[in-house]
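Okay, here's what each chain looks like letter by letter:
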Amino acid sequence: MRLYFKYLGIQLRCQMQHKGSFFLNMIGQALTSLTTFLGVYFMFLRFHTVAGFTFEEVLLCFATVLLCFSAAECFGRGFDAFSRMLGNGQFDRILVRPRNEALQVLGTNVDFTRLGRFLEALAVFAYAIPKCGVAWTWDKAATLLMMLVCGTAVFIGLFVVYASLCFFTTEGLEFINIFTDGGREFGRYPFSVYGGRVLKFFTFVVPLALFQYYPFLYLLGRAQHWWYCLLPPISLLFLIPCRFLWKLGVRHFRSTGS
Amino acid sequence: MKKYLSVFRIRFIHSFQYRAAALAGVATQFAWGFMEILAFRAFYASDPAAFPMEFHELVSYIWLQQAFLAVTALWFFDADIFEAISSGGVAYELARPMNLYFMWFAKNCGTRLSRALLRCVPVLAVAFALPKPWGVSLPPDFMTFVCFLISMALAFFVVVALVMLVYVITLRSISPLGPRYFLGAISELLAGATIPLPFFPDKLRAIVELLPFASGQNAPLRIYSGNLAGAEMAQAMLMQLFWAIALTAGGMLWLRASEKKLVVQGG
């Protein structure tokens, strides 16, 4: 853990060397999600509700997913850009060092510009939290916090899956984008909006709904069962197969040779 | 003319190599389109009267958008050109007896068109086979289809001309990030990629439709399903023609002016 913080410090200082391009990059990141936000806003100007959710409620959902995604992208960047690491032989170097390889992959690639979206998500939260009509008690605040932490973990898990598949294909597979970028884009609405089958998929296969939809219902006081607020930690079970796949990938690894 | 055609052909064949990647891309686009349609469906269910298009028009819009993504996406750049600008390789290109603008233009067209061909056939095939409310419907009549093709070609020129402006800006300023982000983000919204333009608030929409971005995917995709017809359609197509000519001419002149000022550093 100490090593990881040391890595973080180095990365931060390193990226602060080019402040101009750093902040421009950051603003760019925020802009891309701003269009998604405007899209949602325009839709609600016209329709007012979707599947029983109001604009402010949807914003809460939107901000949750955006925050989780951007945090995961910032700290899990190593896995996201892993195909490059495999291709240029950087991973070979990591393997010869007597430290955990996942830790090194995470530590050597931290992209703080991704926090542009993070700040944007915070701004949306600042607007939505007082306006969404939730009576904030300590249990609800704790639920929201759990949603954010577990959501970040699940997105990082997805990046790990993506990286693990690179061991077998060398190139990145675009398909996984449906769950990472797609999770961010489609997570702007509660997953129930997409119908029962999609909701089931995102509950049992890729557990995005476990930190987005169910505890969100609990926050709004519309949950059928009180234990919906305990579902976010269950989504962490998803990390077990991710870890397994990663181990399998590392064992299967053959250097590209450069 | 012949040399630009061969630049086009080289790019076209080059991008045609990545067929496996294209297949994975098709799967992604298919899932993406489906989720988009489901989201709009939920809005439709909550208030059908407020829905500004027919539902089948929207479905066709989304599928065609996915199928022709490589033609109309404004965030899709040729990395080689940025590379050539920042590494100084552009000096070699200037030494050739070719017009730089046309050469880059042809390059972009080649890459985009081969990508689009690889991807649109499978996406469209599945989208046509889907049952009634979910699949692409045929255009209302043959004339509409012809107009759609013309409008798509115009949209292609407008989009490539817009992207060319980013290369020119990059040539002047070295750092491509600012204009790239702007064009990549805000223009996607203004082009109708995030949500179709009819979903915009009316006053804003009236302004947005005059901008060059609306002459991209917005026009052909709405013409196809009959959402834009008659005088409105003619107006939209004239707008496209105007922007295609204006943007190309503007970009060309601007590039020529920049070429004169260009300083190649060291070497």
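Because the structure is predicted, anything quoted here is derived from the model rather than measured.

### Let's talk about the overall build of chain B
In terms of helices and strands, chain B carries 12 helices and 0 strands. Reading chain B from its N terminus to its C terminus gives the helix and strand order α-α-α-α-α-α-α-α-α-α-α-α. Projected onto the principal axes, the alpha-carbon positions of chain B cover approximately 65 × 45 × 35 Å. Contacts spanning at least 24 positions in sequence make up 81% of the contacts within chain B whose residues lie at least 6 apart. Only carbon and sulfur atoms are counted for the fraction: they give 69% of the accessible area of chain B, which is about 12,100 Å². Counting 20 positive and 14 negative side-chain charges, chain B places the averaged centre of each group 12 Å from the other.

### Some remarks on the overall build of chain A
For chain A, the helix and strand inventory stands at 14 helices and 2 strands. Its C-alpha radius of gyration of 19 Å places chain A within 12% of the 18 Å reference for a compact globule of 258 residues. In terms of principal-axis extent, the alpha carbons of chain A reach across some 55 × 40 × 35 Å. In chain A, which comprises 258 residues, the share counted as buried stands at 54%.

### Re the interface of chain B and chain A
The interface of chain B with chain A comprises 34 residues on the first partner and 33 residues on the second. For the chain B and chain A pair, buried surface summed over both sides reaches about 2,900 Å², with 77% attributable to carbon and sulfur atoms. If you sort the residues of chain B by the area they bury against chain A, M35, F43 and Y181 of chain B come out on top, with a joint share of 24%. Between chain B and chain A we count 1 salt bridge in total. D202 of chain B serves as the salt-bridge partner of R46 of chain A, at 3.7 Å between the closest nitrogen and oxygen. Inspection of the region where chain B meets chain A yields 4 residue pairs in polar contact (both at pLDDT 80 or more). Going through the elements one at a time, α2 (19–46), α9 (177–191) and α10 (202–208) of chain B are the ones with two or more residues in the side of chain B that touches chain A.

### Details of the packing of aromatic side chains
Enumeration according to the criterion identifies 57 aromatic pairs over all chains in this entry. Aromatic pair F30 of chain B and W63 of chain B: ring centres 5.0 Å apart, planes at 20 degrees, arrangement stacked. Residue F30 of chain B is found in helix α2, and its partner W63 of chain B is found in helix α3 (residues 55–67); the two are separated by 33 residues along the sequence. Of note, R184 of chain A hangs over the ring of F69 of chain A, and the distance from its end group to the ring centre comes to 4.9 Å.

### As for helix α2 (residues 19–47) of chain A
Over its 29 residues, α2 of chain A extends 42 Å from the first C-alpha to the last, a length consistent with the 42 Å expected when each residue adds 1.5 Å. Just downstream of α2 of chain A lies H48 of chain A, where phi reads positive at about 70 degrees.

### Concerning the pattern of salt bridges
Residues and elements named next belong to chain A. For the coordinates displayed, the defined rule picks out 15 salt bridges over all chains. For the salt bridge of E185 with R184, the shortest nitrogen-to-oxygen distance reads 3.0 Å. Residue classification places E185 among the buried residues on the basis of a relative accessible area of 15%. The partner of R188 in a salt bridge is E185, and the shortest N-O contact between them spans 4.0 Å.

### A few points about the nonpolar core
Residues F82, F91, Y189 and W246 of chain A are the most contacted members of the largest nonpolar core, which totals 169 residues. The greatest single-element share of this core, amounting to 16 residues, is contributed by helix α8 (residues 142–173) of chain B. When neighbours within four sequence positions are excluded, Y189 of chain A is seen to be in contact with V40, M43, F44, V58, C61, Y194 and Q212 of chain A together with A39 and F43 of chain B.

### Here's the deal with the packing of helix α5 (residues 79–87) of chain B against α8 of chain B
Residues and elements named next belong to chain B. One can describe the packing of α5 onto α8 by two numbers: an axis separation of 10 Å at closest approach and a directional angle of 15 degrees. Classed by the angle they form, the pair α5 and α8 counts as roughly parallel. For α5 against α8, the interelement crossing comes out right-handed. For the pair α5 and α8, contact is made by I81, F82 and I85 and by V166, Y167, T170 and L171, respectively. Broken down by class, the residue content of the contact of α5 with α8 amounts to 6 nonpolar, 1 polar and no charged.

### Some remarks on the environment of I245 of chain B
Within the secondary structure layout, I245 of chain B lies in helix α12 (residues 230–261). Considered as a pair, I245 of chain B and G178 of chain B are 67 residues apart in the sequence and their alpha carbons are 25 Å apart.

### Re the confidence of the model for chain A
Scored by pLDDT, chain A has a mean of 85; 98% of the residues are at 70 or more. Mean pLDDT across the elements of chain A ranges from a minimum in helix α5 (residues 82–87) of chain A, with 78, to a maximum in helix α3 (residues 55–75) of chain A, with 90.

### Structural notes on unusual backbone geometry
Residues and elements named next belong to chain A. The phi torsion at H48 lies on the positive side, around 70 degrees, for a residue other than glycine. Structurally, the position occupied by H48 is in the loop between α2 and β1 (49–50). Among the residues examined, H48 registers a relative accessible area of 54% and is labelled exposed. The phi dihedral of A51 is positive, around 50 degrees, even though this residue is not glycine. Positionally, A51 belongs in the loop between β1 and β2 (53–54). On the accessibility criterion, A51 (44% relative accessible area) is partly exposed.

### A look at the side chain of Q217 of chain B
Turning to its location among the elements, Q217 of chain B is positioned in the loop between α10 and α11 (218–224). Not counting the four nearest positions on each side in its chain, Q217 of chain B is found in contact with Y61, Q65, T72, A191, G192 and A193 of chain B.

### Quick look at the packing of α2 of chain A against helix α8 (residues 115–131) of chain A
All names here are of chain A. One way to put it is that α2 packs onto α8 with a least axis distance of 7 Å and a crossing angle of 45 degrees. One way to sum up the angle between α2 and α8 is to call them oblique. Between α2 and α8 the crossing geometry is right-handed. Together, M26, Q29, A30, T32, S33, L34 and F37 of α2 and L115, G116, R117, L119, E120 and V124 of α8 make up the contact between the two elements.

Cut-offs and rules
- The numbers attached to residues start from 1 for each chain and follow its sequence in the written order.
- For naming, the first written chain is A and the first written ligand is 1, with later ones following in the order written.
- Restriction of local features to residues with pLDDT of at least 70 applies here, the model being predicted, together with a cutoff of 80 or more for giving and counting side-chain atom pairs; totals for whole chains, interfaces and linings are based on all residues.
- For the side-chain quantities, the full set of heavy atoms in the structure was used; hydrogens and water were omitted.
- Runs of E in the DSSP output that reach at least two residues are strands. Runs of H or I that reach at least four are helices, and both are numbered from the N terminus.
- A contact between two residues is defined here by any heavy atoms of the two lying within 4.5 Å.
- A 1.4 Å probe and the Shrake-Rupley method give the accessible areas. Residues count as covered only by the protein chains that appear here.
- For the purpose of counting charges, residues Lys and Arg are taken to be positive, whereas Asp and Glu are taken to be negative. His and the chain ends are not included.
- Positions of charges follow a simple convention, taking NZ of Lys, CZ of Arg, CG of Asp or CD of Glu.
- Within these notes, the globule rule equals 2.2 Å times the number of residues to the 0.38 power, and the radius of gyration is based on C-alpha atoms.
- Exposed residues in this analysis have more than 50% of their type's maximum accessible area, buried residues have under 20%, and partly exposed residues fall in between, with area computed by a 1.4 Å probe over protein chains only.
- Accessible area that two parts lose when put together, with a 1.4 Å probe and added across both, is what the buried area reports.
- A pair is scored as a salt bridge if a Lys or Arg side-chain nitrogen falls within 4 Å of a carboxyl oxygen belonging to Asp or Glu.
- Pairs of N or O atoms are called polar contacts if they sit within 3.5 Å, as long as, within protein, a hydrogen donor faces a hydrogen acceptor (for residues adjacent in sequence, only side-chain-to-side-chain pairs).
- Note on aromatic contacts: the rings of Phe and Tyr and the six-membered ring of Trp form a pair at centre separations within 6.5 Å, being stacked when their planes are under 30 degrees apart, edge-to-face when over 60 apart, and tilted otherwise.
- By definition here, charges over rings are those cases where NZ of Lys or CZ of Arg is within 6 Å of the ring centre and within 35 degrees of the ring normal.
- Helix span, as expected, comes to 1.5 Å for every residue beyond the first.
- Working definition of a nonpolar core: buried Ala, Val, Leu, Ile, Met, Phe, Trp, Tyr and Cys residues. They are joined through side-chain atoms within 4.5 Å.
- Interaxial angles span 0 to 180 degrees and are taken between N-to-C directions of axes, which are lines fitted to C-alpha atoms, for helices over the stretch in contact.
- The labels follow the angle: roughly parallel below 35 degrees, roughly antiparallel above 145, roughly perpendicular from 65 to 115, and oblique for the rest.
- A crossing counts as left-handed when the near helix is turned anticlockwise from the far one by less than a right angle, and as right-handed when that turn is clockwise.
- Throughout, the ten residues Ala, Val, Leu, Ile, Met, Phe, Trp, Tyr, Cys and Pro are labelled nonpolar, Asp, Glu, Lys and Arg are labelled charged, and all others, Gly among them, are labelled polar.
- Here pLDDT means the predictor's own confidence in every residue, given as a number from 0 to 100.

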